[in-house]
Amino acid sequence: MAENTVQDVQAKEPLFGKKERKLLTDPLDDNNPITVQVLGICSALAVTSLVLPSLVISIAVVFVCAFSSLITSLVRNAIPSQVRMIVQLVIIASLVTIVELTLKAFNYPVYKQLSVYIGLIITNCIVMGRLEAFAMANKPWRSFLDGVGNGLGYGAILLIVAVVREVFGKGSLFAGSPLEMKFIGATNEYMINTTTSDWFGWYSNNNLMVLPAAAMFVIGILIWIQRSRNPKLVDIS
Amino acid sequence: MGEFINTFIRAAFVENLVLAYFLGMCSYLAVSKTVKTAFGLGLAVIFVLFVTMPINWLINEYLLSENGVFGVDLVFLRLILFIAVIASMVQLVEMVVEKFSPALYNSLGIFLPLITVNCAILGGSLFMVAREYNFTESVAFGLGGGFGWFLAIIAIAAIREKIKYSNVPPALRGLGMAFILTGLMGIAFMSLMGIDPAAFSGS
């Protein structure tokens, strides 16, 4: 019986079955890279004061995470275990360089805005963490999905934080992009506290939200909400 | 000298790597459960930043730039080269420390290899390039940044040791509280912005 199932699985391993879907959706909530695995909080959060750069960096992380998992998984049997860190770092660094050069070529203002944070994706622990924990031991397609899932889970948190910070701190959304929304008042300033505004004239911009510290508070509160919904995640210590 | 002190103070307090730029957050949160381990990691970070920063500065200036040894613009190799330098320096530091001071080696333990993927180290080097620091400034930035990181992790570790005895809502215990504390500390550190760097550079 057991042999039978193993053979079955090998014979027609579904391209996108239940397990595969789980790989994609798990990191979005129950196994979120930031709020549960506590990986990759580094660096990228510093760009969350606006939505546009956060979106760019999320896409970059998904790309790097997915393809580094794929490549590592493809060559996993050829990597000697003593130098695997270096090999992984080289793979990640090459991918990040691709991202950096692409962005530099196609959207220079955003590249300038992100400055060092694109480069810092290399040391984003979530990329390396997934390589160590998953890609070194799994087949390429699954590793790829795992990379995409974790990148998305990471990006989701980044975007939530960015939306909260931009709306309450600057009174705009997607500032600097064609989709720009200034849903506050009729003035040219993306400020909530314009006295000419009909809707939100009473509201002054919350400068706290522009400070880096606000990102911490928002994540802290997100963790709080998530763990009250799902008490399994609460750490006992 | 004024330049040195100026950069040091800015890097250590006002532009603290953890609290203002979120660099090195992973190890900062993972290793800050007790003061003792936080102390070890903090020292290791100061040391590695102090060593890698000047090396990366020299590499960037004399190997990668157009006016360097090769006379070709090799900037696209920067990320790979920096991370390679950091990884090998950490390895080297580990071997030297193990050889000459086994006691220190034992107390630093697993933290040394962890530092390779500590964003604060690579971030420091990248900031140095982005801000076009000269050699003195980059040394000061390495020392100051490391010191700031050290201060931040010691402080959060001490608070976390005490907060165990407080009545925090269960869902917020541990990680959630650590985030909120870090935010509060960030605000506290920002108050040091009032220090006038010009007072130092003028002398």
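A short tour of the structure in this document, coming up. (Residues numbered from 1 in each chain as written. Chains lettered and ligands numbered in written order. Predicted model: local features only at pLDDT ≥ 70, side-chain atom pairs only at ≥ 80, totals over all residues. Heavy atoms only, no water.)

A few words on the interface of chain A and chain B. With 42 residues of chain A at the interface, the matching set in chain B holds 38 residues. Linking chain A with chain B are zero salt bridges. Connecting chain A to chain B are zero residue pairs in polar contact (both at pLDDT 80 or more). Broken down by secondary-structure element, the contributors of at least two residues to the side of chain A that touches chain B are helix H4 (84-106), helix H6 (116-119), helix H7 (125-133) and helix H9 (212-229) of chain A. If one sorts the elements of the side of chain A that touches chain B by residue count, H9 of chain A sits on top with 11 residues. (Contact = heavy atoms within 4.5 Å. Salt bridge = Lys/Arg side-chain N within 4 Å of Asp/Glu carboxyl O. Polar contact = N/O pair within 3.5 Å; in protein donor to acceptor, adjacent residues only side chain to side chain. Helix = DSSP H or I, 4+ residues; strand = E, 2+ residues; numbered from the N terminus.)

Turning our attention to the nonpolar core. Core analysis: the biggest nonpolar cluster contains 98 residues, and Met25, Tyr28, Ile115, Trp149 and Phe179 of chain B have the highest contact counts within it. Top element by residues in this core is helix H4 (residues 35-64) of chain B. It accounts for 10 residues. Setting aside its immediate chain neighbours within four residues, Phe179 of chain B contacts Ile41, Met216, Ile219, Gly220 and Ile223 of chain A together with Met25 and Leu29 of chain B. Ranked by size, the runner-up nonpolar core spans eight residues in total, among them Phe134, Phe144, Leu145 and Val148 of chain A. (Core = buried A, V, L, I, M, F, W, Y, C linked by side-chain atoms within 4.5 Å. Buried < 20%, exposed > 50% of the residue type's maximum accessible area, 1.4 Å probe, protein only.)

As a further point, take the environment of Gly40 of chain A. Mapping Gly40 of chain A onto the fold places it in the loop between helix H2 (18-25) and helix H3 (51-74). The spatial distance from the C-alpha of Gly40 of chain A to the C-alpha of Gly129 of chain A is 8.7 Å, given a sequence separation of 89 residues. Other than its neighbours up to four places away in sequence, Gly40 of chain A contacts Asn124, Cys125, Ile126 and Tyr154 of chain A together with Cys26 of chain B.

Turning next to the environment of Pro212 of chain A. Its location among the elements puts Pro212 of chain A in helix H9. Residue Pro212 of chain A is classed as buried on the basis of its relative accessible area, which comes to 18%. C-alpha of Pro212 of chain A to C-alpha of Pro33 of chain A: the two residues are 179 residues apart in sequence and 20 Å apart in space. What Pro212 of chain A contacts, discounting residues up to four positions off in sequence, is Arg165 of chain A together with Leu19, Ala20 and Phe22 of chain B.

All names here are of chain A. Orientation of H4 relative to H7, taken along the N-to-C sense of each, is 130°, at an axis distance of 11 Å. Classed by the angle they form, the pair H4 and H7 counts as oblique. The handedness of the crossing between H4 and H7 is right-handed. In contact with Arg84, Met85, Gln88, Leu89 and Ile92 of H4, H7 contributes Val127, Met128, Leu131 and Glu132. Taken together, the residues of the contact of H4 with H7 break down into six nonpolar, one polar and two charged. (Axes fitted to C-alpha atoms, helices over the stretch in contact; angles between N-to-C directions. Parallel < 35°, antiparallel > 145°, perpendicular 65-115°, else oblique. Left-handed = near helix turned anticlockwise from the far one by under 90°. Nonpolar A, V, L, I, M, F, W, Y, C, P; charged D, E, K, R; others polar.)

Our next topic: helix H8 (residues 119-130) of chain B. Over its 12 residues, H8 of chain B extends 16 Å from the first C-alpha to the last, a length consistent with the 16 Å expected when each residue adds 1.5 Å. In terms of burial, H8 of chain B is largely enclosed, as 11 of its 12 residues are buried. Those residues of H8 of chain B hidden inside the fold are in contact with H6 of chain A together with helix H2 (17-21), H4, helix H5 (78-100) and helix H9 (135-163) of chain B. With its phi angle positive at about 55°, Glu132 of chain B sits one or two positions after the end of H8 of chain B. (Expected span 1.5 Å × (residues − 1).)

Another aspect to go through is the layout of surface pockets. Considered as a void within the structure, the largest pocket measures approximately 810 Å³ in volume. The wall of the largest pocket is formed by 27 residues, among which Tyr111 of chain A together with Val75, Arg78, Val129 and Ala130 of chain B lie closest to the centre. Looking at the lining of the largest pocket, the elements with two or more residues in it are H4, helix H5 (108-114) and H6 of chain A together with H4, H5 and H8 of chain B. Across the lining of the largest pocket, the residue classes break down as 13 nonpolar, six polar and eight charged. (1 Å grid on protein atoms, 1.4 Å probe; cavity = no way out; pocket = protein on both sides within 12 Å on 5 of 7 lines; lining within 4 Å. Points joined across faces, edges and corners; volume = space filled by probe spheres on them.)

With that settled, the discussion passes to unusual backbone geometry. Phi is positive for Glu132 of chain B, which is not a glycine, with a value near 55°. By the element assignment, Glu132 of chain B lies in the loop between H8 and H9.

Under the counting rule described, the total for this entry stands at three salt bridges over all chains. Here Arg130 of chain A ties to Asp146 of chain A by a salt bridge, and the two come within 3.0 Å at their closest N and O atoms. A residue pair is termed long-range when its members are at least 10 positions apart, and Arg130 of chain A in helix H7 and Asp146 of chain A in helix H8 (residues 140-170) qualify at 16 residues. This pair shows no difference in class: Arg130 of chain A is buried, exactly as Asp146 of chain A is. Arg131 of chain B is the partner of Glu15 of chain B in a salt bridge, and the nearest nitrogen-oxygen pair spans 3.4 Å.

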